[in-house]
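A look at the structure
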Amino acid sequence: MHSAIRWLAAPIAVAAVMVAGSATAKTYNLTFAAPQGEHMPWISLTRTTFIAGVDKRLEGTEHKINWTTAYGGTLSKVGGTLEVIEEGIADSGMLYSLFEQAKLPLQNVAYMAPFGTDDLGLALRIFHELHEELPEMSGSWEKHGQVFVAPIGFDTFYPLTKFPIESLKDLKGRKLAGAGAVSLWEAPIGIVPVQGNFAVHFNNLKTGVYDGLIAFTTGYYPNKLHEIARYATKVNFGAMPGGGVTVNKSVWGKLPDAVRKAMREAGVDYRNAQHEKMTRLVDTFEAKMKAEGVVFSQMPLDQKLAWAKTMPNIAKEWAARVEAKGFAGNKVLKAYMDKLRANKVPLVREWDKE
């Protein structure tokens, strides 16, 4: 961690430990960190739904939390929040497992088994249930000194490009950004994968570092990517759980049961609010994108199936890799696919059964 960041955060973290040190204390000073700003809807909801929900549940009790929020990367950048919470620089926060594949591989199961559900609410509920039912899922966070409270997720993924896509041939040789595991969807059909995130996408598209990207509507529109890449091709890779809200494990252990309960319940509210708000925003943002000149199309079904079937079994390959490192990849993959089947999700591929 950069020394300047440590210096900035240290007084806050120490204050939190001092106040949170006694479970009988009435007031707790907690710092909540997120790597991006509140223009991202899932981040703004951490304040308006999660933090506000905790506070509301504690009204009339002897407990109160004084929150310090550190948004926009003031304490942690994309891919750095896990460490910031683990080290106690922040007491709680929202982070992306997509950028922590080595440390949190099980949390990336949906990315390794694409073409699942486009229903964000269902994707988030399944992800939450996996954490409640499989100790291997919750234990992944605890290995890094934190407790999982709520999932975050994103609406269905599809390409946004500078060029029209009528068939897979149009993608061959093109450079497309794909954060983390998304690159595994790209390479099998001849796309040249380039790693990137929303902090750099606009400039990289503008300067030609890549010709497009694969992400999602509620990320595209707030970052104005549609102003450069004018072609949106719906492929329906699925809505993707992508991380979570966590609390430092040491801090969690010092909080009274009433505060923990408030956080768990507010976490469910936060999960549900993501579905409700982001589903509305998809409709709103796509209407605005169309009005601002974006051409939307649906990839022909035969091309979508060809894309899916051209991929090697990235899910089983992933499960084998993480099993070799001591993670329960096969168990988590099967549990995830079983939940999709139990919820009657039409599956292009049954990754665990091939």
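You'll find the structure just up there.
Summarised in this report is the structure supplied together with it. Predicted model, so just to flag it, every value in this text is computed and none were measured.

Conventions adopted
- Residues numbered from 1 in each chain as written.
- Predicted model: local features only at pLDDT ≥ 70, side-chain atom pairs only at ≥ 80, totals over all residues.
- Heavy atoms only, no water.
- Axes fitted to C-alpha atoms, helices over the stretch in contact; angles between N-to-C directions.
- Helix = DSSP H or I, 4+ residues; strand = E, 2+ residues; numbered from the N terminus.
- Left-handed = near helix turned anticlockwise from the far one by under 90°.
- Phe/Tyr/Trp six-rings, centres within 6.5 Å; stacked < 30°, edge-to-face > 60°.
- Buried < 20%, exposed > 50% of the residue type's maximum accessible area, 1.4 Å probe, protein only.
- Lys NZ or Arg CZ within 6 Å of the ring centre and 35° of its normal.
- Pairing = 2+ DSSP bridges.
- Core = buried A, V, L, I, M, F, W, Y, C linked by side-chain atoms within 4.5 Å.
- Contact = heavy atoms within 4.5 Å.
- Expected span 1.5 Å × (residues − 1).
- Parallel < 35°, antiparallel > 145°, perpendicular 65-115°, else oblique.
- Nonpolar A, V, L, I, M, F, W, Y, C, P; charged D, E, K, R; others polar.
- 1 Å grid on protein atoms, 1.4 Å probe; cavity = no way out; pocket = protein on both sides within 12 Å on 5 of 7 lines; lining within 4 Å.
- Points joined across faces, edges and corners; volume = space filled by probe spheres on them.

**Brief notes about the packing of helix α2 (residues 41-58) against helix α11 (residues 257-291)**
With their axes 8 Å apart at the nearest point, α2 and α11 run at an angle of 145 degrees to one another. For the pair α2 and α11, the sense of crossing is right-handed.

**Remarks on the packing of aromatic side chains**
If you walk through the whole model with that rule in mind, you get 21 aromatic pairs. Their ring planes at 55 degrees and their centres at 6.3 Å tell us that Phe-32 and Tyr-71 sit as a pair that is tilted. Placement of the pair is Phe-32 in strand β1 (residues 27-33) and Tyr-71 in the loop between β2 (64-70) and α3 (81-86), with a sequence separation of 39 residues. When sorted by exposure, Phe-32 lands in the same class as Tyr-71, which is buried. Consider the rings of Tyr-221 and Phe-285, whose centres lie 4.8 Å apart with planes at 25 degrees: the pair is stacked. You can see Tyr-221 sitting in the loop between α9 (217-220) and β9 (231-234) and its partner Phe-285 sitting in helix α11, a full 64 residues away along the chain. Exposure class is identical for Tyr-221 and Phe-285. Each is buried. Here the aromatic residues Trp-42, Tyr-96, Phe-99, Tyr-111, Phe-115, Phe-154, Phe-157, Trp-185, Phe-198, Phe-216, Phe-237 and Trp-307 are joined through ring pairs into a cluster of three or more. Between the NZ or CZ atom of Arg-174 and the centre of the ring of Phe-163, over which it lies, the distance is 3.9 Å.

**What about the sheet that holds β1?**
Read from one edge of the open sheet, five strands run β2-β1-β3-β10-β4, paired in mixed fashion. With partners counted over all chains shown, the strands left at the sheet margins are β2 and β4 (146-154), one partner each. This sheet shows a mean twist of 25 degrees between the axes of neighbouring strands, independent of strand direction. By the bridge criterion, seven bridges tie β1 to β2 in an arrangement that is parallel. Bridging across to β2, Thr-31 finds its partner in Thr-68.

**Points about the nonpolar core**
Ranked by internal contacts, the top residues of the largest apolar core, which has 116 residues, are Trp-42, Phe-50, Phe-157, Leu-171, Trp-185, Met-263 and Trp-307. When residues of this core are assigned to their parent elements, the largest contribution, 10 residues, is made by α11. Look past the residues within four positions of Trp-307 in its chain and what remains in contact with it is Pro-159, Leu-168, Leu-171, Trp-185, Ile-189, Ile-191, Ile-214, Val-235, Phe-237 and Met-299.

**Quick look at the sheet that holds strand β8 (residues 212-216)**
In any sheet, the strands associate via hydrogen bonds between backbone groups, in a parallel or an antiparallel arrangement. Spatial strand order, β7-β6-β8-β5-β9-β11: six strands in an open sheet with mixed pairing. Lying at the two open borders of the sheet, with one neighbouring strand each, are β7 (192-194) and β11 (295-298). Between one strand and the next, the sheet's axes are offset by a mean angle of 30 degrees, whatever the strand orientation. As judged from the five bridges shared by strand β5 (residues 157-161) and β8, these two strands associate in the antiparallel manner. Across the sheet, the residue bridging to Phe-157 is Phe-216, located in β8.

**Description of the environment of Gly-242**
Looking at where Gly-242 falls in the secondary structure, it is placed in strand β10 (residues 240-248). Relative accessible area serves as the criterion here: at 0%, Gly-242 is assigned to the buried category. Placed 76 residues apart in sequence, Gly-242 and Glu-166 show a C-alpha to C-alpha distance of 29 Å. Discounting chain neighbours no more than four positions away, the residues touching Gly-242 are Leu-95, Tyr-96, Ser-97, Leu-98, Tyr-111, Ile-152, Gly-153 and Phe-154.

**Some details on helix α5 (residues 120-133)**
If you check α5, its first and last C-alpha atoms are 20 Å apart, about what 14 residues at 1.5 Å a residue would give, namely 20 Å. Among the 14 residues of α5, 11 are classified as buried, and the element is accordingly described as predominantly covered. Within the sequence span of α5, burial applies to Leu-120, Gly-121, Leu-122, Ala-123, Leu-124, Ile-126, Phe-127, His-128, Glu-129, Leu-130 and His-131. Residues of α5 that are buried make contact with α6 (135-142), β4, β10, α11 and α14 (329-342).

**Comments concerning unusual backbone geometry**
Look at Phe-115: it is not a glycine, yet its phi comes out positive at around 65 degrees. Checked against the element boundaries, Phe-115 lands in the loop between α4 (109-112) and α5. Given the relative accessible area of 3%, Phe-115 is considered buried. Its identity is not glycine, yet Lys-224 carries a phi of approximately 60 degrees, on the positive side. The class of Lys-224 is partly exposed, set by a relative accessible area of 46%.

**Remarks on the packing of α5 against α6**
Between α5 and α6, the shortest axis-to-axis distance is 5 Å and the interhelical angle comes to 85 degrees. As judged from the angle between their axes, α5 and α6 are roughly perpendicular. Seen from α5, the contacting residues are Phe-127, Leu-130, His-131 and Glu-133; seen from α6, they are Pro-135, Met-137, Ser-138 and Trp-141. Tallied by class, the residues present in the contact of α5 with α6 amount to five nonpolar, two polar and one charged.

**Some points on empty space enclosed by the protein**
Inspection of every chain in the model, using the stated rule, returns three cavities of 30 Å³ or more. The space that makes up the largest cavity amounts to roughly 190 Å³. Lining the largest cavity are 19 residues, and of these Leu-98, Phe-99, Ala-179, Phe-198 and Phe-216 sit closest to its centre. Ranked by the residues each element gives to the lining of the largest cavity, the list is headed by β8, at four residues. Roughly 40 Å³ of volume is contained in the second largest cavity. Contributing to the lining of the second largest cavity are Pro-35, Val-78, Gly-79, Gly-80, Thr-81, Leu-82, Leu-95, Tyr-96 and Glu-100. For the lining of the second largest cavity, the per-class residue count stands at five nonpolar, three polar and one charged.

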